[in-house]
Amino acid sequence: MRTALKENYFKQIWKGISTTLIGMSVTIGHLFKPSVTLQYPHERWPMPEGARLRIQMDFDECTGCGACARACPVDAIIIEVLKAQAGVDLGETSNGTKKRLHVLKFDVDNAKCIYCGLCIPPCPTGAIHFDLDYEAMKLTRKELIYHFSIMTSDEVETLREADREAKAKAAAAKAQAAAEKAKAAESAPKKPNQSDSSS
Amino acid sequence: MEKENLTMREMDIPLGPDRSKLLGSRAAEVDIIEGDHMILNMGPQHPSTHGVLRFELLTDGEVVVKITPHIGYLHRCFEKIAESIPYNQVIPYTDRLDYLASMNNNLGFALAVEKIMGIEVNERVQTIRVIMAELNRIASHLVSFGTYALDTGAFTPFLYAFRERERIVDLFEDVCGARLLYNYIWIGGLSHDLPPGWVEKCRDFCDYFLPNIDEYNNLYSFNQIFIDRSADIGVMTAKQAIAYGATGPNVRGSGLAWDLRKTEPYSGYENYDFDVCIGTGEKGTVGDCWDRYMVRIREMEQSTRIIRQALDRLPEGDVKEAIPKNFRKIPEGEVYMRTEAPRGELGYYVVSDGKQIPYRVKCRSNCFTSLSAIPEIGVGAMIADIVSILGSIDIVLGEVDR
């Protein structure tokens with residue numbers, strides 16, 4: 001290569017200049033063509049319909065089944081649910097699925113979210129969808145956690161309390177039943193060996 | 001200090017008959033320059049290392065005597081993560097391997113799992129997959145063209161390349177909603193069907209794109225300054241390419257017509273009419289940087305040909321019909337599926353033990369193997385040529401480190 005350069009010194013110079021001029025003619029031609037850039041804060045790119053941006057959800061539609069949380073590869077969706085008491089009607093979603101669970105917490109951590117869209121298809125009621133807002137910057141990581149549950153902490157606490165009471169009641173009833181059973185077993189032992197081992 | 005001296009002595013290549021063997025074809029040139037060797041660190045924050053890659057260069061003046069690449073700055077445990085999540089959730093992680101060609105990565109993994117599960121996808125899915133893979137190949141080669149121009153000192157081609165890439169990315173956004181990490185090709189199908197009017201948009205793009213390739217050639221490919229920077233530099237012979245396992249445009253640049261789309265067709269590639277572009281050595285030696293670069297430019301033309309054929313034959317069908325409802329009943333077994341990604345052979349080795357999550361996933365990275373050839377082909381080149389060689393090899397560090 002180097003020897004070739006020496007031999008055709010002026011030819012090389014001419015080739016360098018001429019091919020550069022060809023390239024420059026291409027760029028000069030573009031001066032007379034419309035610009036392709038977008039002046040961002042003033043002009044905005046319209047988002048297509050299915051753009052995968054920030055996750056949004058209709059809380060009224062959520063049944064708390066947790067299918068989205070299971071489908072998430074990065075565990076960005078955190079759901080806490082509580083079983084509804086017997087006789088409490090939580091209503092229905094728009095497609096007629098009966099709600100059976102209180103959704104105490106429905107958090108989406110946008111710092112973890114990779115916007116893969118795997119949480120959308122498993123949802124039985126179509127509660128999760130993507131927002132078309134793409135300027136979702138926040139100053140701290142905490143602000144990136146979106147809380148979708150409309151329950152206040154007081155409401156959550158009362159529900160939890162009621163649940164604990166109900167559970168205690170159920171446990172007490174169970175213990176009572178067990179005690180009664182043991183009593184019955186004691187009063188009428190079928191086999192003497194069994195009563196020995198139980199005492 | 002002492003340790004440094006020791007390594008210097010170790011690396012110091014002695015005079016004698018071994019010298020030419022160790023130094024390769026340009027030993028004579030190295031011999032001329034007498035002087036002490038110096039270690040030069042290139043990277044990990046060097047603008048032309050295409051990510052976080054560090055080269056330890058042992059230099060003799062301006063000539064590089066030994067190259068040691070240090071990788072692993074971008075290691076994210078893809079293979080280990082894949083062992084802990086269900087098969088369909090691995091797809092978003094494959095996006096992040098070679099992030100400039102996510103569609104091709106998705107395709108490889110989806111085909112591997114489909115092979116294990118024995119899923120047959122319909123004609124429409126296959127055709128759309130081919131369109132997406134080829135569009136992404138063009139996008140990836142455009143980035144390669146643009147960054148190689150940046151590496152060799154020209155800024156303008158980069159803007160031209162990204163102007164076209166933007167249109168491809170817009171097409172992808174219309175289809176799946178994402179611009180870089182698509183998660184579009186799912187196991188057994190696709191996440192979305194083509195939106196109405198997309199086929200016409202894609203045809204418009206093909207018509208718009210083909211004349212632009214001539215523009216690139218006028219602007220850059222045949223520029224004498226660029227030819228001087230790339231021809232006869234970093235020559236990788238076909239033998240070397242095979243020895244190092246280099247695939248894709250790198251091995252084709254060495255004059256070997258090895259293309260998995262032709263040799264082991266998948267996803268219906270046997271039905272398309274296209275040429276395998278190989279390096280011819282028209283500006284220098286076969287297998288030099290210019291050949292590798294030119295193979296990519298010519299492949300963009302061939303990809304456009306494939307897209308046009310695919311758009312013409314696009315059949316009707318349901319793109320989601322073969323997607324499994326759950327991944328609970330996976331047959332036991334192991335499979336290796338390789339596809340032709342823009343940077344070469346991308347292989348997935350998946351072992352299933354019948355559970356919902358893979359037992360083992362191994363990714364055969366094409367960039368890693370191509371990168372491993374640099375210590376051989378770069379020896380004897382100038383420091384500035386190393387930048388040119390690295391640009392022509394076209395690596396993405398996300399895939400080298402995985």
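Refer to the structure printed above.
Residues numbered from 1 in each chain as written. Chains lettered and ligands numbered in written order. Predicted model: local features only at pLDDT ≥ 70, side-chain atom pairs only at ≥ 80, totals over all residues. Heavy atoms only, no water.

S.K.: Provide a residue-level description of the interface of chain B and chain A, including the pertinent values.
M.R.: Facing the 32 residues of chain B at the interface are 29 residues of chain A. The interface formed by chain B and chain A contains 0 salt bridges. The tally of links between chain B and chain A comes to 11 residue pairs in polar contact (both at pLDDT 80 or more). Contributions of two or more residues to the side of chain B that touches chain A are made by helix 5 (87-95), helix 8 (156-176), helix 9 (198-221) and helix 10 (224-230) of chain B. Among the elements that make up the side of chain B that touches chain A, the one with the highest residue count is helix 8 of chain B (7 residues). Residue composition of the side of chain B that touches chain A, grouped by class: 13 nonpolar, 8 polar and 11 charged. (Contact = heavy atoms within 4.5 Å. Salt bridge = Lys/Arg side-chain N within 4 Å of Asp/Glu carboxyl O. Polar contact = N/O pair within 3.5 Å; in protein donor to acceptor, adjacent residues only side chain to side chain. Helix = DSSP H or I, 4+ residues; strand = E, 2+ residues; numbered from the N terminus. Nonpolar A, V, L, I, M, F, W, Y, C, P; charged D, E, K, R; others polar.)

S.K.: Explain the state of the cysteines to me, using residue names and the numbers behind them.
M.R.: By the definition in use, this model includes 0 disulfides over all chains. Looking at Cys68(A), it has no disulfide partner, and the nearest cysteine sulfur is the one in Cys123(A), 6.3 Å off. Assessed through its relative accessible area of 7%, Cys68(A) is described here as buried. Free of any disulfide, Cys77(B) has its nearest neighbouring cysteine sulfur in Cys363(B), separated by 14 Å. (Disulfide = S-S within 2.5 Å. Buried < 20%, exposed > 50% of the residue type's maximum accessible area, 1.4 Å probe, protein only.)

S.K.: Report on the environment of Arg44(A), specifying residues and quantitative values.
M.R.: All names here are of chain A. Locating Arg44 in the fold gives a position in the loop between helix 2 (9-29) and strand 1 (55-57). With relative accessibility at 44%, the residue Arg44 sits in the partly exposed group. Contacts of Arg44, omitting those with residues within four sequence positions, involve Leu38, Tyr134 and Glu135. A polar side-chain atom of Arg44 sits 2.7 Å from a polar atom in the side chain of Glu135.

S.K.: Outline the sheet that holds strand 7 (residues 344-352) of chain B, listing residues and values.
M.R.: Residue and element names in this part refer to chain B. Pairing in this open sheet of 3 strands is antiparallel, and the strands run 6-7-8 from one edge to the other. Strands at the two margins of the open sheet, each flanked by one partner only, are strand 6 (333-341) and strand 8 (360-364). Strand-to-strand, the axes of this sheet are offset by a mean angle of 15°, without reference to chain direction. Summarising the sheet, strand 6 and strand 7 pair through 9 bridges and their orientation is antiparallel. Across the sheet, the residue bridging to Glu334 is Val351, located in strand 7. Against the sheet, helix 6 (residues 102-117) engages strand 6, strand 7 and strand 8, with an angle of about 150° to strand 6. (Pairing = 2+ DSSP bridges. Axes fitted to C-alpha atoms, helices over the stretch in contact; angles between N-to-C directions.)

S.K.: Tell me about empty space enclosed by the protein, and name the residues and values.
M.R.: All names here are of chain A. Under the counting rule described, the total for this entry stands at 6 cavities of 30 Å³ or more. Here the largest cavity defines a volume of roughly 90 Å³. As for the largest cavity, its lining consists of 15 residues, and the residues nearest its centre are Ile55, Cys72, Cys113, Cys116 and Cys119. Counted by class, the lining of the largest cavity contains 14 nonpolar, 1 polar and no charged residues. Here the second largest cavity is characterised by a volume of approximately 80 Å³. (1 Å grid on protein atoms, 1.4 Å probe; cavity = no way out; pocket = protein on both sides within 12 Å on 5 of 7 lines; lining within 4 Å. Points joined across faces, edges and corners; volume = space filled by probe spheres on them.)

S.K.: Quick rundown of the nonpolar core? Include the residues and the values.
M.R.: Phe55(B), Leu135(B), Tyr184(B) and Ile187(B) are the most contacted members of the largest nonpolar core, which totals 121 residues. The element best represented in this core is helix 7 (residues 123-151) of chain B, accounting for 14 residues. Counting 20 residues, the second-largest nonpolar core is a separate cluster that includes Cys72(A), Ala76(A), Val103(A) and Cys113(A). (Core = buried A, V, L, I, M, F, W, Y, C linked by side-chain atoms within 4.5 Å.)

S.K.: If you had to explain the packing of aromatic side chains to someone new, which residues and values would you point to?
M.R.: Residues and elements named next belong to chain B. Taken as a whole, this structure holds 17 aromatic pairs over all chains when the rule is applied. Aromatic pair Tyr148 and Tyr293: ring centres 5.8 Å apart, planes at 50°, arrangement tilted. One end of the pair, Tyr148, is in helix 7; the other, Tyr293, is in helix 14 (residues 289-313), and 145 residues separate them in sequence. Across the pair, exposure class does not vary: Tyr148 and Tyr293 are buried alike. Cluster of aromatic residues (ring-pair linked, three or more members): Phe145, Tyr148, Tyr216, Tyr220, Phe226 and Tyr293. Positioned above the aromatic ring of Tyr208 is the side chain of Arg167, whose terminal nitrogen or guanidinium carbon lies 4.2 Å from the ring centre. For Lys262, the ring lying beneath its charged end belongs to Phe274, and the centroid distance is 4.4 Å. (Phe/Tyr/Trp six-rings, centres within 6.5 Å; stacked < 30°, edge-to-face > 60°. Lys NZ or Arg CZ within 6 Å of the ring centre and 35° of its normal.)

S.K.: Requested: an account of the pattern of salt bridges, with residues and values cited.
M.R.: Residue and element names in this part refer to chain A. A full pass over the atoms with the stated rule returns 38 salt bridges over all chains. Ionic pairing is found between Asp131 and Arg54, a salt bridge with its closest N-O pair at 3.2 Å. Taken together, the residues span a long stretch of sequence, with Asp131 in the loop between strand 4 (128-130) and strand 5 (145-147) and Arg54 in the loop between helix 2 and strand 1 at a distance of 77 residues. Arg54 carries the same exposure label as Asp131, and that label is buried.

S.K.: Run through the side chain of Gln224(B), naming residues and quoting values.
M.R.: Structurally, the position occupied by Gln224(B) is in helix 10. Other than its neighbours up to four places away in sequence, Gln224(B) contacts Gln12(A), Lys15(A), Gly16(A) and Thr19(A).

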